[in-house]
Amino acid sequence: MAHSPEVIAELEDKANLVRRNIVRIFESSKQGHAGGTMSSVDIVTALYFHHLKLDKNNCDWPERDRVILSKAHAAEAIYAVLPEIGYVSRDMLDKYYAFRSQFQGHADRWCTPGIDYSGGSLGQGLSFAAGMAKAEKIHTAIHPPTVQVTTANYPKLILKYNPAYRVFCIVGDGELNEGQNWEAMMFAAKYKLDNLVCIVDYNKFQLDGPVEMIMPIEPLADKFKSFGWDVREINGHSMREIIDTLDLVNNLYGDGKPKCIIAHTVKGHGIPVWESVHLHYSRLEGTTIAVKEGREIYG
Amino acid sequence: MAKYNKYVQIGPATATAGAAETAMVKVSQKYPNIVVVLEDMGMPGLEWFKKNAPERIVECGIAEANGAVIAGALAAEGFIPFIHSFSFAVIERAYNQIRQSILVDRFNVKITARDAPWGDLGISHDIVEGIACTRCLPNLVILNPADAVEAEKAYIAMVDYVGPVYFRMEYSAPAPYKIFTEDYPFEIGKAYAIKDGKDATIIATGYLVTEAIKAVEILEKEGLDVGILNISTIKPLDEEAIIKVAEQTRAIVTAEGGTIIGGLGDAVASVLSESAPAALVKVGVEDEFSQSARLTAEVDELKDFFGLGAKDLVISVKEAIAKREQFKLVRK
């Protein structure tokens, strides 16, 4: 079922709110992983404000959908969302990188309510997501569900039956250089983890330069397919494409295939000064210009 | 025969492998949330799982990096995952994965590994740095039992404890003596004085406790009363017990089946230099890798080559006593 233009417009507003929060984060921290944060904003917004099964009053709800931010340096994108859900106080937006802050340099499960994975060492998130998805399968095998979840009590999903939870893993394109991703892909296909969705934030740049020069990963869709995954390619900045594709792969649950959404994005998207140079990490003086630009655009 | 403390009854050599097997079957029935995460290298108690709980087997293949993180994730979801292989693979190949995806969040993963400098497999598999490379990792408990009785008890205690544990198995070593009685009360973090002594103390771990017992018997005949402190929890280290024996004898020999750089010897040295000055001689593998030796005939030869046998310990004890006199250290 196609979503109405109002739903799309509302989510686009939310994405701009997330960008505004990110600008506020950078205003106080003065530095951070700008490029990969901005490229993932629309994906993160679609997940948290539209797609995920969450309990706003309980970030540890056992049946919540999991989000594994494998590219944990882009934590600012999720940090910008968490106060809007109510998992952390809004003051935290001014405490990124700070000592004893809930907003650590990289996403940290131990410190931050609503964060499912402590990342930062690249290439491990997809394994962790696959492990969580496998855990759901083992739980279900040991304790088969007695109550079938129907569209009535969870109307967003049109399913014959549902997993207890789904796992969404956001990986960067550069981190696909790590061999462990491909171990995890084999594992996910072997165990038919159709409750796992890997979203590649394909912004085409890594720290040293363009992905195609540093370590080419193409043909990426074919690689995932050959590993036994269901693959979709989308524009990662089109809200409609993102939510339609998330709904689509949800409805494929039961086909025994892990899902991959390759989201073509732009590094630094939404802040012209970052976008123009595909910036990976913003430092002091550059941040001041970016924050000024961000304030003008997002208020 | 020297006089040993309570719960010690020296018996014939008994392999520890069977103890882990027995313990795994026991704990797997007690904890229905144990899952075995395989890395194509088997697992103690695997046959029981195949027969009784195949849904709790997760095979990752020869992909230890993935295996370690899968285990962390399963622990995050309430399972007690076990990973097992040779230590070079399960730990060293996945060192950062264990750090990042298990230890950082204290996930309740149990790591068991074949880890010893002696064996038939050669430099790749016979590891000297197993203790040294894990001791520095925060949030990790490290166990290294001395005999089959302690191995079974430690294995069960590891599962009762909530948090990441590394359980070291010196499988390929010559089997250790049966040392403890069945009612020996094992506790994580507690060292146990197998024998008291007034002239010197051997602080040993794992199979080297057996060599320490042999050494003490030789020294007894020469008129020296030497104690043995069994360190089966490498971390957290029982500093109190070490200080106690150090004050009693002021002559300490550490004995371990691994490198002396960063191992038990260095851990004890830190305690002594900070809290209880004593003469120290570290016995272990010097700064070198291992090599293969045919099981079991040549392993003793390899052990002697590394200077890890009873007769090396005898020499080291005398050296420690001489140092004590030279340093003019006074016993309590």
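For clarity, every value in this text was computed on a predicted model and none was experimentally measured.

Quick look at the overall build of chain A now. A tally of helices and strands in chain A yields twelve helices and seven strands. Against the globule reference of 19 Å for 299 residues, chain A gives a C-alpha radius of gyration of 18 Å, in line with a compact fold. When its C-alpha atoms are laid out on the principal axes, chain A stretches across 55 × 45 × 40 Å. Looking at chain A as a whole, 50% of its 299 residues qualify as buried.

In this assembly, 22 residues from chain B lie in contact with 20 residues from chain A. Those elements that place two or more of their residues in the side of chain B that touches chain A are helix 3 (64-76) and helix 5 (95-103) of chain B. Of all the elements, helix 3 of chain B adds the most residues to the side of chain B that touches chain A, at eight residues. Of the residues assigned to the side of chain B that touches chain A, the class counts are twelve nonpolar, six polar and four charged.

Before going further, it helps to examine the sheet that holds strand 5 (residues 110-114) of chain B. Strand-to-strand pairing in sheets goes through backbone hydrogen bonds, with the strands running parallel or antiparallel. Residue and element names in this part refer to chain B. Strand order in this open sheet of seven strands is 3-2-4-5-7-6-12, and the pairing throughout is mixed. Both edges of this open sheet fall to strand 3 (57-59) and strand 12 (233-235), since each of them pairs with a single strand only. Looking at each pair of strands side by side, their axes are set apart by 20 degrees on average, direction ignored. Pairing of strand 4 (residues 80-86) with strand 5 involves five bridges; the strand directions are parallel. Its bridge partner being in strand 5, F82 is matched across the sheet by K110.

This part is about the environment of V245(B). Residues and elements named next belong to chain B. With respect to the element layout, V245 can be found in helix 9 (residues 239-249). Sequence separation between V245 and G227 is 18 residues; the distance between their C-alpha atoms is 8.2 Å. If near-sequence neighbours (up to four positions away) are discounted, V245 is found in contact with A193, T201, G227 and L229.

What follows deals with the domain arrangement of chain B. All names here are of chain B. Considered domain by domain, chain B is made up of domain 1 (10-180) and domain 2 (184-327). Its C-alpha centre places domain 1 at a distance of 24 Å from the equivalent point of domain 2. Residue-level contacts link 38 residues of domain 1 with 38 residues of domain 2. Contributing elements (two or more residues each) for the side of domain 1 that touches domain 2: helix 6 (130-135), strand 6 (141-143), helix 7 (148-160) and strand 8 (177-180). Tallying contributions element by element places helix 7 first for the side of domain 1 that touches domain 2, with five residues. In terms of residue class, the side of domain 1 that touches domain 2 is made up of 25 nonpolar, five polar and eight charged.

For the rest of this paragraph, the subject is the nonpolar core. Counting residues in each nonpolar core, the largest one holds 195 residues, and the members touching the most others are C169(A), V37(B), I202(B), A212(B), I252(B) and V317(B). Per element, the largest residue contribution to this core is nine residues, and it comes from helix 3 of chain B. Each of domain 1 (10-180) and domain 2 (184-327) of chain B contributes no fewer than three residues to this core. Contacts of C169(A), omitting those with residues within four sequence positions, involve I68(A), S70(A), G125(A), L126(A), A129(A), L196(A), C198(A) and I199(A).

All names here are of chain A. Here helix 1 (residues 5-29) is 25 residues long and its end C-alpha atoms lie 36 Å apart, about the 36 Å a rise of 1.5 Å per residue gives. Within helix 1 the residues assigned to the buried category are L11, K14, A15, V18, R19, N21, I22, V23, I25, F26 and S29. Check the buried side of helix 1 and you find it contacts helix 2 (34-39), helix 3 (41-51), helix 4 (75-79), helix 10 (239-251) and helix 12 (284-298). In the segment just after helix 1, K30 is the residue with positive phi, at about 70 degrees.

Rules behind the numbers
Residues numbered from 1 in each chain as written. Chains lettered and ligands numbered in written order. Predicted model: local features only at pLDDT ≥ 70, side-chain atom pairs only at ≥ 80, totals over all residues. Helix = DSSP H or I, 4+ residues; strand = E, 2+ residues; numbered from the N terminus. Rg over C-alpha atoms; globule rule 2.2 N^0.38 Å. Buried ≥ 20, exposed ≤ 12 C-beta atoms within 10 Å, placed from the backbone. Contact = placed C-beta atoms within 7 Å. Nonpolar A, V, L, I, M, F, W, Y, C, P; charged D, E, K, R; others polar. Pairing = 2+ DSSP bridges. Axes fitted to C-alpha atoms, helices over the stretch in contact; angles between N-to-C directions. Domains from an automatic or database assignment. Core = buried A, V, L, I, M, F, W, Y, C linked by C-beta atoms within 7 Å. Expected span 1.5 Å × (residues − 1).

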